[in-house]
Amino acid sequence: MSDGIVDAHVHVWDLDRFPLSWFRDDLALPRAATTEGLTDAAAAVARPLESAVAVQAADTLAEMTWLRDLAQHDPVIRAAVLQFAPGTGWAGLADAVLDEAIAGVRVAAPAGAADLSDIAGLDALCEGAAGTGRVVEFLVRPAQLDAVARVAVQHPRTSVVLCHLGLGADALDVAWEESLRLVARQPNTFAKFSGVATRPGDDERLASLAATAADAFGVSRLMFGSDWPMSARYLSYAQLVHDVERAWGSRSDAFWGGTSLALYRV
């Protein structure tokens, strides 16, 4: 493994090709988030950006098809994780575009039930992913972490990935930490250190997050993710990497790429 970065969590899109239901002009986000924009943003970082995993920003078939095609041919975006949306097959709507470029499917449910009971087809999704060597990711709020832990217990062959440490920009508290540790107790779980750096100079919070996450998961089940371009509203890519490097310290370099390489096969 080189000293470069395999970014486990970026978003790319093009509003001239497909809509994003949540997009608004006042969010200060580009109408086209491109690979060129990502590589330009990462150009000033001492660790070179070698490749990235694109996580679908919305849930339409047009976007899924575009992401699949991008991941098949792009020199940086080497794999995609598609959103779980209603449809036929174990992967829901994503079933229509599954190929070797699709590394997993994400359940984005922060506004849903705490026990994830409103996610129809979750068991089939987990078993389908396990049978095809793909991951199932979860974008959830802290109150849903216990449910993610139960999913991991019920599906031990499935690689379960937690986005943004199940916390994002929320405040650290004892309940979140206990639930995070419950998830991490299962050996088939992984987590992305992504979406947690939302302002400059937040060194104390990031260091605490890194220490808690490393103690819970160990250093071999954690991955760096920039959450670009969402993160670019607060921090440049270079500043983000610098701040996370300070927080992560001298712990294993697998965090910066090795774990992602193995898990997503990029």
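Now for a description of the structure that goes with this document.

### Some details on the nonpolar core
Ranked by internal contacts, the top residues of the largest apolar core, which has 85 residues, are Trp13, Leu116, Phe138 and Tyr237. Element by element, the count of residues in this core is highest for helix H6 (residues 203–217), at seven residues. Aside from chain neighbours lying at most four places away, what touches tyrosine 237 is Ile5, Asp7, Leu38, Ala41, Ala42, Val45, Leu49, Phe224, Ser226 and Trp228. Among the nonpolar cores identified, the runner-up in size contains 12 residues, and Val53, Ala103, Val135 and Phe190 belong to it.

### Topic: the pairing of strand S4 (residues 49–55)
Remember that side chains alternate between the two faces of the sheet whenever the strand is regular. Most of S4 is tucked away, with six of its seven residues classed as buried. In terms of strand pairing, strand S1 (residues 5–10) meets S4 through four bridges, oriented parallel. Within the sheet, the bridge partner assigned to valine 10 lies in S4 and is alanine 54. In this sheet, strand S5 (residues 77–83) lies alongside S4 in parallel orientation, the contact comprising four bridges. Within S5, the residue paired with alanine 52 across the bridge is isoleucine 77.

### Here's the deal with the sheet that holds strand S6 (residues 102–108)
Read from one edge of the open sheet, eight strands run S1-S4-S5-S6-S7-S8-S9-S10, paired in parallel fashion. Both outer strands of the open sheet, S1 and strand S10 (222–224), are each paired with one neighbouring strand and no more. On average, each strand axis in the sheet is inclined to that of its neighbour by 25 degrees, with strand direction left out of account. Alignment of strand S9 (residues 189–193) against S10, held across three bridges, turns out to be parallel. The residue of S10 that forms the bridge with lysine 192 is methionine 223. Across the sheet, helix H2 (residues 61–73) lies against S4, S5 and S6, angled at about 160 degrees from S5, the strand it touches most. Most of the contacts of helix H4 (residues 145–154) go to strand S8 (residues 159–162), to which it runs at about 165 degrees, and overall it touches strand S7 (135–139), S8 and S9.

Procedures and definitions
Residues numbered from 1 in each chain as written. Predicted model: local features only at pLDDT ≥ 70, side-chain atom pairs only at ≥ 80, totals over all residues. Heavy atoms only, no water. Core = buried A, V, L, I, M, F, W, Y, C linked by side-chain atoms within 4.5 Å. Buried < 20%, exposed > 50% of the residue type's maximum accessible area, 1.4 Å probe, protein only. Helix = DSSP H or I, 4+ residues; strand = E, 2+ residues; numbered from the N terminus. Contact = heavy atoms within 4.5 Å. Pairing = 2+ DSSP bridges. Axes fitted to C-alpha atoms, helices over the stretch in contact; angles between N-to-C directions.

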